[in-house]
Amino acid sequence: MIKPEAPAPPLVSLRNLSVELGGRPILRNVTADIKRGTITALIGLNGSGKTTLLRALVNEYPHKGEIKFHCGHDHSKPYPEAIGYVPQRLTLDARLPLTVGDFLALTLSRRPLFFGISKRTAAKSLEMLKRVDVDNCLNRPVEGLSGGQLQRVLLALALEPQPELLLLDEPAAGIDFGGLKKFYDLIATINRETGVTVLLVSHDLNMVQAHAHDVLCLRGGAIQCQGPPGEVLTPINMSLVFGAEMSLFPHRFSS
Ligand SMILES: Nc1ncnc2c1ncn2[C@@H]1O[C@H](COP(=O)(O)OP(=O)(O)OP(=O)(O)O)[C@@H](O)[C@H]1O
């Protein structure tokens, strides 16, 4: 008899997680497990609390309830080092003549740029960019990058050092369909090759269906439903989450 596969243990468990901002409840008693080594998609309407959940995980927002990491990682530190985070938006001053190489070097070497970039740092930056397929952008101004290229540069940064948990907040917003599929394929490859656990916010339900192992649906700051995409992304659930009739293409992209 074939034994059913044991479910992956949680890397992070959330128990009755609540967050208030400006005196308003934003997350309400969120209880969920983010399974180790999987891709979990966080979906919901604008304003349902997705970004707030990611920010609570990186200690940017005070919370009630429990966020427990099962990887020996100390979540009480101001910025948890086991987490890589790609935010929804990055606003850079267009007057700063910063190249991608400078941008990575500033983060990697933690010393003023006027000391110059060491050969070691330059080599490391190039290696990081190759991993996400934008090494041709090393000497380009950050401000001149396309949305897709910038997201890959931010992903390269989030993967250094190798995190236990990768948080991606709408990583493909503003990327065209071809770029979108490539980006999700890249995330799937990184997840498979490194075993990093991924929690990503997405509005693209077809990509979620194709690539996520689990889905968490937020509505009004509370979990509406959760589980594998095949069970969760049903027309009934989606109308409860989004308040509109939705239909999905029943396909899985190869990655
Ligand atoms: N710093 C803040 N102070 C007060 N309210 C906030 C703050 N940040 C977010 N909010 C509110 O919290 C709610 C949830 O915001 P959040 O950004 O988490 O939603 P979201 O699901 O990520 O939305 P979107 O899909 O538009 O990115 C919104 O009503 C927002 O206005």
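Refer to the structure above for everything that follows.
Fair warning: this is a prediction, and the values are worked out from it, not measured in the lab. (Residues numbered from 1 in each chain as written. Predicted model: local features only at pLDDT ≥ 70, side-chain atom pairs only at ≥ 80, totals over all residues. Heavy atoms only, no water.)

1. Some remarks on the overall build of the protein
- Check the secondary structure of the protein and you find eight helices and nine strands.
- Split into buried and exposed, the 255 residues of the protein put 46% on the buried side.
- Sequence separation of at least 24 residues holds for 66% of the intrachain contacts in the protein that already meet a minimum separation of 6.
- Here the protein has roughly 13,300 Å² of accessible surface; of this, 54% comes from carbon and sulfur atoms. (Helix = DSSP H or I, 4+ residues; strand = E, 2+ residues; numbered from the N terminus. Buried < 20%, exposed > 50% of the residue type's maximum accessible area, 1.4 Å probe, protein only. Contact = heavy atoms within 4.5 Å. Areas by Shrake-Rupley, 256 points an atom, 1.4 Å probe, with all protein chains shown as cover.)

2. Topic: the layout of surface pockets
- The calculated volume of the second largest pocket comes to roughly 190 Å³.
- For the second largest pocket, the full set of lining residues is Asp133, Val134, Gly148, Gln149, Arg152, Ile175, Asp176, Gly179, Lys182 and Phe183.
- If you list the elements that add at least two residues to the lining of the second largest pocket, you get α4 (147–158) and α5 (177–194). (1 Å grid on protein atoms, 1.4 Å probe; cavity = no way out; pocket = protein on both sides within 12 Å on 5 of 7 lines; lining within 4 Å. Points joined across faces, edges and corners; volume = space filled by probe spheres on them.)

3. Considerations on the site of the ligand
- Inspection of the region around the ligand gives 15 residues, with Arg24, Gly47, Lys50, Thr51 and Thr52 positioned closest.
- Residue Ser48 places a main-chain N or O atom 3.1 Å away from an oxygen atom belonging to the ligand.
- Separating an oxygen atom of the ligand from a backbone N or O atom of Gly49 is a distance of 3.0 Å.
- When isolated, the ligand has an accessible area of 640 Å², and the protein chains bury 65% of it.
- When residues of the shell around the ligand are assigned to their parent elements, the largest contribution, three residues, is made by helix α1 (residues 50–57).
- Of the residues in the shell around the ligand, the class split is four nonpolar, eight polar and three charged. (Near = heavy atom within 4 Å. Polar contact = N/O pair within 3.5 Å; in protein donor to acceptor, adjacent residues only side chain to side chain. Nonpolar A, V, L, I, M, F, W, Y, C, P; charged D, E, K, R; others polar.)

4. Brief notes about the sheet that holds strand β3 (residues 39–44)
- Spatially, six strands are ordered β5-β6-β7-β3-β8-β9 in an open sheet, and the strand pairing comes out mixed. The two strands at the open ends of the sheet, each matched to only one other strand, are β5 (83–86) and β9 (222–227). On average, adjacent strands in this sheet sit at an angle of 15° to one another, irrespective of strand direction.
- In terms of strand pairing, β5 meets strand β6 (residues 165–169) through four bridges, oriented parallel. Its bridge partner being in β6, Tyr85 is matched across the sheet by Leu167.
- Where α5 meets the sheet, it contacts β3, β6 and β7 (197–201), and its direction lies at approximately 155° from that of β7. (Pairing = 2+ DSSP bridges. Axes fitted to C-alpha atoms, helices over the stretch in contact; angles between N-to-C directions.)

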